[in-house]
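# Descriptive analysis of the structure
If you want the building blocks of each chain, they are given just below.
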Amino acid sequence: MTDAVLVKVDEHGVAEVCLNRPEKKNAWNLAVFDGLTEAAETLANRDGLRAVILHGAGGVFSSGLDLSMLMEFGADIEGLRRSILTPGPRGANRYQRPCTAWRDLSVPVIAAVDGVAFGAGMQLALAADFRIAAPDARFSIMEAKWGLIPDMGISQFLPGLMRADQAKELIMSARVLSATEAVSLGLVTRLDAAPLDAARALAADLSDRSPDALAGAKQLVDRVWALPPGEGLAIEAELQAAIIGAPNQIEAVAAAVARRKPAFR
């Protein structure tokens, strides 16, 4: 694992993934791209994982792409185009996978946002299931500033959060949003003066729930939210049939009846 991305997992199975370039406001270089992908893929294979928290070192989530990368990309545009057009796992290329890999995890992923979440940082935050932000945090889908479109999986995240006209306005203008406006647009789950502490509290609460139910809930929303009415019923039934009567569901009932902490597998 690169020093640009730090991972720790506590005894309850809650992982914290930290962007660790505070001197650059956690701007992304290739070490961040590849470090995030490696972290997600390693955690996906970890037994007992219950939740993941994404955050940035130094009081800043991420200022986006490191400008040095634009210079590196410019030195080999054709090579960059080939890389962009080469899909990897689940159709995501090297530059999309650092974000899409978190949506692919079966456990809840929480982004704790201090400072700014710009460009790549914004897309990483959008990849999480929940975004808890400081009241003075700022957000921007900033790629238009560099004559680009956002292309790190935003097509998979934004449609479930906001209207198409609002998305176009933010993508085309690259304007900076306050945390309050981000909440009003559905881009932030809630505000908290201490977002990392709030994320840890939420992760602790979720880790007491059945992991089967959490995985099923995540799949339910991600798979059916954009479907026409009625088309999600079969998916809903399929997910519930796999959960109901399984050991973790039985343990959830037994623990609730006995008023004790559950011991899930």
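Here the structure is a predicted model, which means the values were calculated and not measured.

### Section: a nonpolar patch on the surface
A surface patch of nonpolar side chains, amounting to about 310 Å² of accessible area, comprises Leu67, Trp146 and Leu148. Within the secondary structure, Leu67 is located in helix α2 (residues 67-74). What makes Leu67 partly exposed here is its relative accessible area of 48%.

### So, the sheet that holds strand β5 (residues 116-118)
Pairing is mixed across the open sheet formed by 3 strands, whose spatial order is β5-β7-β8. Each having just a single partner strand, β5 and β8 (177-178) make up the two edges of the open sheet. Two strands pair when backbone bridges link them, and β5 and strand β7 (residues 138-140) are joined in this way by 3 bridges, in the parallel orientation. From the neighbouring strand, Ala117 faces β7, where its bridge partner is Phe139.

### Considerations on the sheet that holds strand β3 (residues 51-56)
By way of backbone hydrogen bonds, the strands of a sheet pair with one another, either parallel or antiparallel. The strand order across the open sheet formed by 6 strands is β1-β2-β3-β4-β6-β9, and the pairing between neighbours is mixed. One side of each edge strand has no neighbouring strand; the edge strands of this open sheet are β1 (5-9) and β9 (190-191). In the sheet, strand β2 (residues 14-19) pairs with β3 via 6 bridges, with the strands oriented parallel. Following the sheet pairing, Val17 is matched in β3 by Leu54. Strands β1, β2 and β3 of the sheet are contacted by helix α1 (residues 30-44), whose axis makes an angle of about 20° with β1.

Analysis parameters
Residues numbered from 1 in each chain as written. Predicted model: local features only at pLDDT ≥ 70, side-chain atom pairs only at ≥ 80, totals over all residues. Heavy atoms only, no water. Patch = residues over 30% accessible without salt bridge, like charges linked within 9 Å, V, L, I, M, F, W, Y side chains within 5 Å. Areas by Shrake-Rupley, 256 points an atom, 1.4 Å probe, with all protein chains shown as cover. Salt bridge = Lys/Arg side-chain N within 4 Å of Asp/Glu carboxyl O. Helix = DSSP H or I, 4+ residues; strand = E, 2+ residues; numbered from the N terminus. Buried < 20%, exposed > 50% of the residue type's maximum accessible area, 1.4 Å probe, protein only. Pairing = 2+ DSSP bridges. Contact = heavy atoms within 4.5 Å. Axes fitted to C-alpha atoms, helices over the stretch in contact; angles between N-to-C directions.

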